[in-house]
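One letter stands for each residue in the lines below.
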Amino acid sequence: MPDLDDIIIQRVKPKKKRKSAKGKQTVKKSPANGLPRNYDKQFKLLAILLFLFSVLLFLALISYTPRDEANAQISFGDLFGLITGNEAVLAKAETTYNWLGLFGAYLSNILYNSTIGYSIIFLPYFIALWAKYLFTGRKLSDKLVKGSITYLTLGVLASSLLGTMRNIGWLFEIPKEWRGAVGYFLYSFTSSLIGPPG
């Protein structure tokens, strides 16, 4: 019988598997939002562009005047006439009052008259808020989402209410910029179902 001192107990360590160089490459992630750094830069660039657009949009909207409506009745493709030197387009641009020229008059005319009317004035604010969240990479706030949905809902309701008031004969006439096309459409739709008001 062998002596216990002669028995050598060896601990066998499991061999670590070597990772091949062709294995998964680690992608450095931004600490702020967990996105890969190259996407992080792209989102920040997009956020900056969105913010600049919101500022320009705000300037176009606050400098809107109905006097530009005749000049703004052009197609989007006609705006390239400003670059190519189209004489008819340049003549319209010279008589435009909007701070951003013919492009600003075209954009503000579409947003006021073809959407929810003057309620659209708050759109640049919400675009800037979304740009801020995109730039900082923070988790999207429920408050921002709910605020955006509430703004759009109230804008549509105000537009439809003003559209209805606009078509009540004994009320004073409300300019179309207050209701937009959405308000007029909702009024026409509901009055076809339940009859005209008043």
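Structure: above.
Since this is a predicted model, take the numbers as computed values, not measurements.

A. Focus on the overall build of the chain. When its secondary structure is counted, the chain shows eight helices and zero strands. Reading the helices (α) and strands (β) of the chain from amino to carboxyl end gives α-α-α-α-α-α-α-α. Across the 198 residues that make up the chain, the buried fraction comes to 29%. Carbon and sulfur atoms provide 65% of the accessible area of the chain, an area that totals close to 14,600 Å².

B. Region of the structure containing the packing of aromatic side chains. Using the criterion set out here, one finds nine aromatic pairs in the structure. Consider the rings of Phe-126 and Tyr-151, whose centres lie 4.9 Å apart with planes at 15 degrees: the pair is stacked. In this pair, Phe-126 sits in helix α6 (residues 123–136) while Tyr-151 sits in helix α7 (residues 142–166), placing the two residues 25 residues apart along the sequence. Just as Phe-126 is buried, Tyr-151 falls in that class too. Residues Phe-185 and Phe-189 carry aromatic rings whose centres are separated by 6.4 Å and whose planes lie at 20 degrees to one another, so their mutual orientation is stacked.

C. Representation of α6 within the structure. In this model, α6 (14 residues) spans 20 Å end to end at C-alpha, consistent with the 20 Å of a helix rising 1.5 Å per residue. For α6, the complete set of buried residues consists of Pro-124, Phe-126, Ile-127, Ala-128, Ala-131 and Tyr-133. Gly-137, located one to two residues past α6, shows a positive phi value of around 75 degrees.

D. Fine view of a nonpolar patch on the surface. On the surface, Leu-45, Ile-48, Leu-49, Phe-51, Leu-52, Val-55 and Phe-135 cluster together into a nonpolar patch covering about 630 Å² of accessible area. With six residues, the single largest contributor to the nonpolar patch is helix α1 (residues 37–62). For Ile-48, the position within the fold is in helix α1.

Each value, and the rule that gives it
- Residues numbered from 1 in each chain as written.
- Predicted model: local features only at pLDDT ≥ 70, side-chain atom pairs only at ≥ 80, totals over all residues.
- Heavy atoms only, no water.
- Helix = DSSP H or I, 4+ residues; strand = E, 2+ residues; numbered from the N terminus.
- Buried < 20%, exposed > 50% of the residue type's maximum accessible area, 1.4 Å probe, protein only.
- Areas by Shrake-Rupley, 256 points an atom, 1.4 Å probe, with all protein chains shown as cover.
- Phe/Tyr/Trp six-rings, centres within 6.5 Å; stacked < 30°, edge-to-face > 60°.
- Expected span 1.5 Å × (residues − 1).
- Patch = residues over 30% accessible without salt bridge, like charges linked within 9 Å, V, L, I, M, F, W, Y side chains within 5 Å.
- Salt bridge = Lys/Arg side-chain N within 4 Å of Asp/Glu carboxyl O.

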